[in-house]
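# Observations on the three-dimensional arrangement
Residues per chain are reported as follows:
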Amino acid sequence: MPSKPFTPKVITANALLEGDVVYLTGDNWTRDLSKAEILTDEADADLRLIEASAQSDKVVGVYLADVTVNGSVPVPVHFREDFRAKGPSNYAHGKQEQF
Amino acid sequence: MYHYTDFDAAFLKERNAQFRAQVERRIDGSLTEDEFKPLRLMNGLYLQLHAYMLRVAIPYGTLNSRQMNQLALIAERWDKGYGHFTTRQNIQFNWPQLRDVPDMLDALAEVDMHAIQTSGNTIRNVTADHFAGAAADEVTDPRPIAELIRQWSTDHPEFQFLPRKFKVAVTGAEADRAVIKAHDIGLRAVKREDRIGFEVIVGGGLGRTPMIGKVLFDFVSQEDLLPTLEAIVSVYNLLGRRDNKHKARIKITVHENGIEDIRARVDERYALIRPQFTGVDQTLLARIKANFAAPQFLKGDSAPYHSAYKHDPLFRSWADTNLTPHRNPDYAIVTISLKAHGKTPGDATARQMRLMAGLAQRYGHDELRISHEQNVILPHVHKGDLPSIYYALKAEGLGTANIGLISDIIACPGMDYCALATARSIPIAREIATRFDELNLEHDIGPLKIKISGCINACGHHHVGHIGILGLDRAGVENYQITLGGDGTEQAAIGERAGPGFSATEIIPAVERLVMAYLDLRTVPEETFLQTYRRIGMAPFKAALYPEEQANAA
Ligand code: SF4
């Protein structure tokens, strides 16, 4: 049986010091999902995940999150990732303030 | 009010210094996250969806004004100006930064507070009836025993790695306001002849497999209580399942082995350890009790109360819903609603905390309580002071007259904050409250408890809500399941699932149909939602919830 085709992903985590949701860009972390690097190749994604996980001095809980690509901008697939990208819905205390 | 001894203070100081060093070592890279995580959790520090979260215990829900003011200061200095009170009488700060947490813990220690054992597989914050020491129906104030249990369980060497977390709740009255039958151990003070003892209930719990606790012993004398608890937890520690997280709570241990088997094992263990309890705990208890002596009640003039009650309909409405009889007839227990329509249940701003602290200091013998229903209580208020309190509260958005009504909703943080959530709870609570406020039906509907959890862990106690709402993730979409007929009181019952769930937009109209059906079905306005449900059962409510199915079946 052919395995499921690989769908686009971003690498995400929480920042060690602030706890903020962050995404991997080339070799740095951003708080803005639209600036995250989109990974479309499975082998590459796995490798990048290992590298990102090694940055435990900067981030906590690194994982791959599914996105769809709108133009060249990643958009969360699951509502949980949507909330993570924006912050809580009851107060403008999260990222809504910034983005 | 219990005040820390030198021993308590020194212990906490040392713990905080240790944690400060651990945080530093995490930041400088000497500790990995795998090493650090259990250490931070031992100190109440979680990592949630958007930030760290610090969970601070409010033992048996009791605070003085100094402590409440300190919580306000912490909220302002290190958080975003507010705190969230939970169903376990804790306060959660949603936005601390890692570097600041040791300072926050030191600030807590200044007022005899901590975040120890608010996480992990330990004995958690001991909760109690929020009307303790004030309620008219009380056998004894449950807080001294709760404090004794807190001291016994804090840093207890044998119980730091239990199969799973362990929650104890205590009530001193026949009426159960502490949901004791949904705790790992529930204790209820009872009087036999002239002796005070405790009914010991074990194996209750909500979550994935909700269970009502079973009576293990119907009377354990005060002197025998601590060794009994030690025997129970020790039996569970060995017998509880460590192979499957979902089967590790004592409710499953009791369910799988049977209450008789557990009783026999506890008896055996008890016989072995009883001699180790030489009565030191009773000396300690006597000392603790002195800390909880009733305040010097004032003899004042109640005329301002009667006059406001007569002339101000808003005050009257608030007094009718938010006051509870006090054991001193000149006094009242005030419940301050943290459920203003459309606001987040259980949240208070620093400003509101300061106001409540100030009122407690000025009018309330310096006492405040946090209820598991996420409200704040002034347990001892002279009736003459009620109007002043009400007008002050009202000015800060704290005058909502809705205690026990449809908008007095318990809601866990859900997917707005919680990393474990499968759906949001807060917006559902806000929308239900707003909707029924618009309909202006709240007071007509009468007592009705809605409880919402954002996942199966059931922190929002949905199983014991008259209407329970559980948020789930169904194929990547938020979906809300309704249970009916739950009850968290002495007549505890687990709600029954009504049927398929509803989407986030369908759930509010569904609740509305349910409540409208109740208004039609009740025999008299005094028949509550729960009574009506108990009388006629699920079917008519199901018909209201799923009208299409009725149409299809017809
Ligand atoms: S019930 Fe679930 S979503 Fe709600 S606070 Fe508990 S763990 Fe989080």
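Residues numbered from 1 in each chain as written. Chains lettered and ligands numbered in written order. Predicted model: local features only at pLDDT ≥ 70, side-chain atom pairs only at ≥ 80, totals over all residues. Heavy atoms only, no water.

## Here's the deal with the overall build of chain A
As a reminder, the rule being used: Each helix is a run of H or I in the DSSP string that is no shorter than four residues. Each strand is a run of E no shorter than two, and both are numbered from the N terminus. Here the globule rule reads 2.2 Å times residues to the power 0.38, and the radius of gyration is calculated from C-alpha atoms. Per-residue accessibility, obtained with a 1.4 Å probe over protein chains only, is compared with the maximum for each type, and a residue is labelled buried under 20%, exposed over 50%, and partly exposed between these values. Should any heavy atoms of two residues lie within 4.5 Å, those residues are considered in contact. All accessibility values rest on the Shrake-Rupley procedure with a 1.4 Å probe; residue burial counts only the protein chains present in the view.
On a plain count of helices and strands, chain A comes out with two helices and five strands. In sequence order, the secondary structure elements of chain A are arranged as β-β-β-α-β-β-α. Relative to a compact globule of 99 residues, whose C-alpha radius of gyration would be 13 Å, chain A shows 14 Å and is just as compact. Across its three principal axes, chain A shows a C-alpha extent of roughly 45 × 30 × 20 Å. For chain A, with 99 residues in total, the buried portion stands at 42%. Long-range pairs, those at least 24 residues apart, make up 53% of the contacts in chain A with a sequence separation of at least 6. If you sum the accessible surface of chain A, you get close to 5,200 Å²; carbon and sulfur atoms cover 55% of it.

## Focus on the site of the ligand
Basically, it comes down to this: We call a residue near a given molecule or strand whenever any one of its heavy atoms falls within 4 Å of it. Each residue gets one label: Ala, Val, Leu, Ile, Met, Phe, Trp, Tyr, Cys and Pro are nonpolar, Asp, Glu, Lys and Arg are charged, and the others, such as Gly, are polar.
Contacts to the ligand come from Cys412, Pro413, Gly414, Cys418, Leu420, Ala421, Gly454, Cys455, Asn457, Ala458 and Cys459 of chain B. Of the residues that constitute the shell around the ligand, the class distribution is eight nonpolar, three polar and no charged.

## Some points on a negative patch on the surface
Residues and elements named next belong to chain A. This is how the line gets drawn: Patch membership needs two things, relative accessible area over 30% and no salt bridge, and members are linked within 9 Å if like-charged or within 5 Å if nonpolar (Val, Leu, Ile, Met, Phe, Trp, Tyr). The rule for a salt bridge is simple: a side-chain nitrogen of Lys or Arg has to be within 4 Å of a carboxyl oxygen of Asp or Glu. Charged-residue counts in this description rest on Lys and Arg as positive and Asp and Glu as negative, His and the chain ends being excluded. Each charge is placed at NZ for Lys, CZ for Arg, CG for Asp and CD for Glu.
On the surface, Asp41, Glu42, Asp44 and Asp46 cluster together to form a negatively charged patch. For Glu42, the location among the structural elements is in helix 1 (residues 42–53). Of the residues examined, Glu42 reaches a relative accessible area of 43% and is grouped as partly exposed.

## Let's talk about helix 2 (residues 33–42) of chain B
Three- or four-residue spacings in an α-helix give side chains the same orientation, since the helix completes a turn every 3.6 residues. Using the following cut-off: As used here, the arc is the angular range of directions from the helix axis to the C-beta atoms.
Residues of helix 2 of chain B that are buried: Glu33, Phe36 and Arg40 of chain B. The buried side chains of helix 2 of chain B occupy one side of the element, clustering within an arc of 65° when seen end-on. Taken together, the buried residues of helix 2 of chain B touch strand 4 (59–70) of chain A together with helix 1 (6–27), strand 1 (45–47) and strand 2 (52–57) of chain B. Directly after helix 2 of chain B, the chain includes Gly44 of chain B, whose backbone phi takes a positive value near 80°.

## Digging into the pairing of strand 17 (residues 450–453) of chain B
Residues and elements named next belong to chain B. Here is the rule we go by: The rule for pairing is simple: two strands pair if DSSP sees at least two bridges between them.
On strand 17, burial covers both faces: Ile450 and Ile452 on one face and Lys451 and Ser453 on the other are all buried. Relative to strand 18 (residues 467–474), strand 17 is paired through four bridges, and the arrangement is parallel. Pairing of Ser453 across the sheet is with Leu470, part of strand 18.

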